[in-house]
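# A closer look at the structure
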Amino acid sequence: MLCACSGEQFKFEEVEPPLSPESLATRDFSAGGISSRTLDWDARFEDNHVEEVETTLKEALSLNYEEARALLGRLEYQRGNYAAALQVFRGIDIQSLIPKMTKSIADRVHRQKARFKSQKVQKNTMSMHSVSLLLEAILLKARSLEQLGLTKEAAKECNAILDTVEDALPKGLPVGVFGDCKLQEMFHKALELLPVLWKKAGCLEEAIASYRRALVKPWNLDVKSLSAIQKDLAATLLYCGIEAPLPPHLQILSALSPKSNIEEAILLLLILMEKLIFRVIIWDPDIINHLAFALSISGCCDVLAKIIEKLLPGVYHRAERWYLLSLCYYSDGQNDVALNLLKNGLGRSKKCYHLPSVLLAAKLCTQNPKSFKEGIVFAYTAMELADSHGDVHLIGVAMHLLGVAYGLDAGFSVSDKERLFLQNDSLKWLRKAAMIERENPEVAFSLGLAAAVSRDLNAALESSRDYLHMTIGSSVKGWRLLALVVSAGQSLSEAETVVNLALDETVELDHIGLLRLKCKLQIAQGRPTQAIETYTFLFALIQAQKKSQTMKPVSEVMLRKRLEAEAWQDLSYIYTGLRLWSDASICVNKAMSFGAYSPTNWHAAGSLFEARQQYVEALISFFVALTIEPDHVPSLVSAAVVLRELGKKCLPLARSFLMHALRLDATNHEAWMNLGYISKMEGSLSHAADCFQAAFDLEQTSPILDFA
């Protein structure tokens, strides 16, 4: 019988264009066999295929109508006559045959398990070759529809194959049962094709369901095919743009089941990474790229670092490997570890430096006060390397980092002359970077911040506006900088208007810092009652974010805790000013619950004691804050104020505290004011007048909060 030959694909060579007048799709077939027109086939093949075609035709005499249609449709599909093939396949009544096919598949498995191999097949049972031939016909019909652009209809046809086999084998495909026919091969092709068709049709939920369907049961897929399906499902879950939760019947262990697309994608990619590490499958960079993206947006970069460390040498170049590890630890907040890794990867010769690593090292140094000067060196090196490569963009990036490093180093300068020199260098390099990177919003922001610190408010205002224009008003830090610059001009009501605009233009998740700034502005305008109401709304927003089930990076959680602690500190200052001691004490205790080793918390406690004229307790609190952070400027100034209240014997110590505070922050008008008081008490009226004048001038350009 011809169906016995269906286990092999016939490869015919085309000698005429497809869809000729004698196309197979235009011929009539009777239920008992094939008409004599099929004898014209041999004219379409070359001499070396004549014998094969003759054998085929002899066996075709015993074919039934559906099998003949299946074979002829396959021939038309191989010729590229997709419309003709589709016409032939539509002549097969598949729906009426599916129950017989399902029964035949189930009976085959039953006989194999019961080892009744000698048992004769029942008359009403289809042979496996016939079932395979018909499954192939359905698959080729789906492919023909796909070629004709009817992808949704193609997916439905392909789904019929899966339904047929799955109804017969609800527990999966047994091993070694269908080795003598093409059923398993056709089924595997349908498993792989169905999600692709759904994606082409734009039905992403159906595509995800099809991928999961291929993975939840043992279908005897080889490692390569199984891994390809896992990878495609992970990529679809990551980038599809819709949330497709697991259906209830797949949530076997509800506590451990993935709660989102990203969690499911990460699990799949981790399985694939294990296969890569143990060389079960060949190296595929897409897998590590997808996993890096998924773990990055989930805040699990420490996991990514461990995976990269497991990779065998040779997968990445040495410098690139160190660079990737540094990025992971940097994203995880372990900046010192990341910087040390970069230094190890750079080596000794500057000629062999990895440019991205040098740029990242410069950026990391700008985030550590102890490494600002080292950041300047790295930025210069990066600029030289970028210039040698002729990369103008990276030259601009290096100039930007150099300007930032100079500005940060200026804040820790001992002498006024050196500080002014470093601030000028910072502005010079940032302006050069802005000339190259005209469309880079971060350069505009850094330039505005540097100008604001230098008290060039007009330039700061212009740069902050440019930054907001580049980011379309979506950046919280841009609005914050603009509001602080406006407040530095003593336009507090206008600054509050800017904050209100920011609250309207940005997402609610970023409103905590803006609401705290609004409270500060309301307090400065003498409206403590409104400030307390705003703080109430701020705490409600914090509680809502705490109850959110979405995964958040560790850095975001720590930032929220810091802002909450600062809000309690601000409330304690408000209640202290209103002389509501019990409320102020409660707020201080709330702030302390976030960390007893915070100098700002101890400063809030000392301010409460100071207001109650408990100077000894206040001084102890300020000294504890300075023990934790010796360069905490507010505690230095407050300690000097308390020492001044204790009498003339403590004035030299108070003066030393204030001088140290001014070395750290020369623009602190409160320090200048208290230094003037001490000079006046010591009888140095001329020096006191100079201090008062400096305090007045600085207060006129002081923002409501520090620019940094």
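In this report, the structure presented in the accompanying data block is examined. This structure is a prediction, so every number in the text was calculated from the model and none was measured.

This part is about the state of the cysteines. Linking two cysteines covalently through their sulfur atoms gives a disulfide. Considering all chains together, one arrives at zero disulfides under this definition. No disulfide involves Cys-301; its sulfur sits 5.7 Å from the nearest other cysteine sulfur, which is in Cys-328. Residue Cys-301 is classed as buried on the basis of its relative accessible area, which comes to 5%.

For the rest of this paragraph, the subject is the nonpolar core. Ranked by internal contacts, the top residues of the largest apolar core, which has 119 residues, are Ile-105, Leu-135, Phe-178 and Met-273. Ranked by size, the runner-up nonpolar core spans 55 residues in total, among them Leu-515, Leu-538, Leu-541 and Ala-567.

On to the packing of helix 28 (residues 615–628) against helix 29 (residues 633–645), then. It is at 9 Å that the axes of helix 28 and helix 29 come closest, and there the two elements cross at 155 degrees. Between helix 28 and helix 29, the angle is such that the two are roughly antiparallel. The interaxial crossing formed by helix 28 with helix 29 has left-handed handedness. Residues Tyr-615, Ala-618, Leu-619, Phe-622, Phe-623, Ala-625 and Leu-626 of helix 28 touch helix 29, and the partners they reach there are Ser-635, Leu-636, Ser-638, Ala-639, Val-642, Leu-643 and Glu-645.

Orientation of helix 2 (residues 65–79) relative to helix 5 (residues 128–147), taken along the N-to-C sense of each, is 40 degrees, at an axis distance of 9 Å. In terms of axis orientation, helix 2 runs oblique to helix 5. Like other packed secondary-structure pairs, helix 2 and helix 5 cross with a definite hand, here left-handed. Contacts between helix 2 and helix 5 involve Glu-66, Glu-67, Ala-70, Arg-74 and Tyr-77 on the former and, on the latter, Ser-130, Leu-133, Leu-134, Glu-136, Ala-137, Leu-140, Arg-143 and Ser-144. The class makeup of the residues in the contact of helix 2 with helix 5 is six nonpolar, two polar and five charged.

A few words now on unusual backbone geometry. In this structure, Asn-220 takes a positive phi of about 60 degrees despite not being glycine. Following the sequence through the fold, Asn-220 ends up in the loop between helix 8 (204–215) and helix 9 (223–239). Phi is positive for Gln-613, close to 60 degrees, though the residue is something other than glycine.

A word on the packing of aromatic side chains. The tally for this structure, following the rule as stated, stands at 10 aromatic pairs. Pairing Tyr-677 with Phe-692 gives two aromatic rings, centres 5.4 Å apart and planes at 65 degrees, and the pair type is edge-to-face. Taken together, the residues Tyr-677 in helix 31 (residues 669–681) and Phe-692 in helix 32 (residues 685–699) connect sequence positions 15 residues apart. Phe-692 gets classed as partly exposed once you look at its relative accessible area, which sits at 26%. The cationic tip of Lys-432 hangs over the ring face of Trp-429; the distance from NZ or CZ to the ring centre is 4.5 Å.

Here the focus is the environment of Val-557. Along the chain, Val-557 turns up in helix 25 (residues 554–577). Taking the C-alpha atoms as reference, Val-557 lies 9.0 Å from Lys-546; in sequence the two are 11 residues apart.

Tallied over the entire structure, the rule returns 23 salt bridges. Among the salt bridges present, the one from Lys-103 reaches Asp-107, with a minimum N-O distance of 3.1 Å. Residue Lys-103 and its partner Asp-107 are both found in helix 4 (residues 94–114); the two are separated by four residues, about one turn of the helix. Residue Lys-103 is classed as partly exposed on the basis of its relative accessible area, which comes to 43%. For Glu-166, the salt bridge goes to Lys-217, with nearest N and O atoms at 2.9 Å. Of the two residues, Glu-166 is situated in helix 6 (residues 151–168) and Lys-217 in the loop between helix 8 and helix 9; the sequence distance between them amounts to 51 residues. On the accessibility criterion, Lys-217 (24% relative accessible area) is partly exposed. One network of salt bridges, with partners in common, ties together Arg-516, Lys-520, Arg-562, Glu-566 and Asp-570.

Taking 1.5 Å of rise per residue, the 14 residues of helix 22 (residues 492–505) would be expected to cover 20 Å, and the 20 Å separating its terminal C-alpha atoms lies within 8% of that figure. For helix 22, the complete set of buried residues consists of Leu-492, Ala-495, Glu-496, Val-498, Val-499, Ala-502 and Leu-503. Down the axis of helix 22, the smallest arc covering the buried residues is 155 degrees, so these residues share one side. Here the buried face of helix 22 lies against helix 21 (476–488) and helix 23 (511–524).

What counts as what
Residues numbered from 1 in each chain as written. Predicted model: local features only at pLDDT ≥ 70, side-chain atom pairs only at ≥ 80, totals over all residues. Heavy atoms only, no water. Disulfide = S-S within 2.5 Å. Buried < 20%, exposed > 50% of the residue type's maximum accessible area, 1.4 Å probe, protein only. Core = buried A, V, L, I, M, F, W, Y, C linked by side-chain atoms within 4.5 Å. Axes fitted to C-alpha atoms, helices over the stretch in contact; angles between N-to-C directions. Helix = DSSP H or I, 4+ residues; strand = E, 2+ residues; numbered from the N terminus. Parallel < 35°, antiparallel > 145°, perpendicular 65-115°, else oblique. Left-handed = near helix turned anticlockwise from the far one by under 90°. Contact = heavy atoms within 4.5 Å. Nonpolar A, V, L, I, M, F, W, Y, C, P; charged D, E, K, R; others polar. Phe/Tyr/Trp six-rings, centres within 6.5 Å; stacked < 30°, edge-to-face > 60°. Lys NZ or Arg CZ within 6 Å of the ring centre and 35° of its normal. Salt bridge = Lys/Arg side-chain N within 4 Å of Asp/Glu carboxyl O. Expected span 1.5 Å × (residues − 1). Arc of directions from axis to C-beta.

As far as function goes, none of this settles anything; it's purely spatial.
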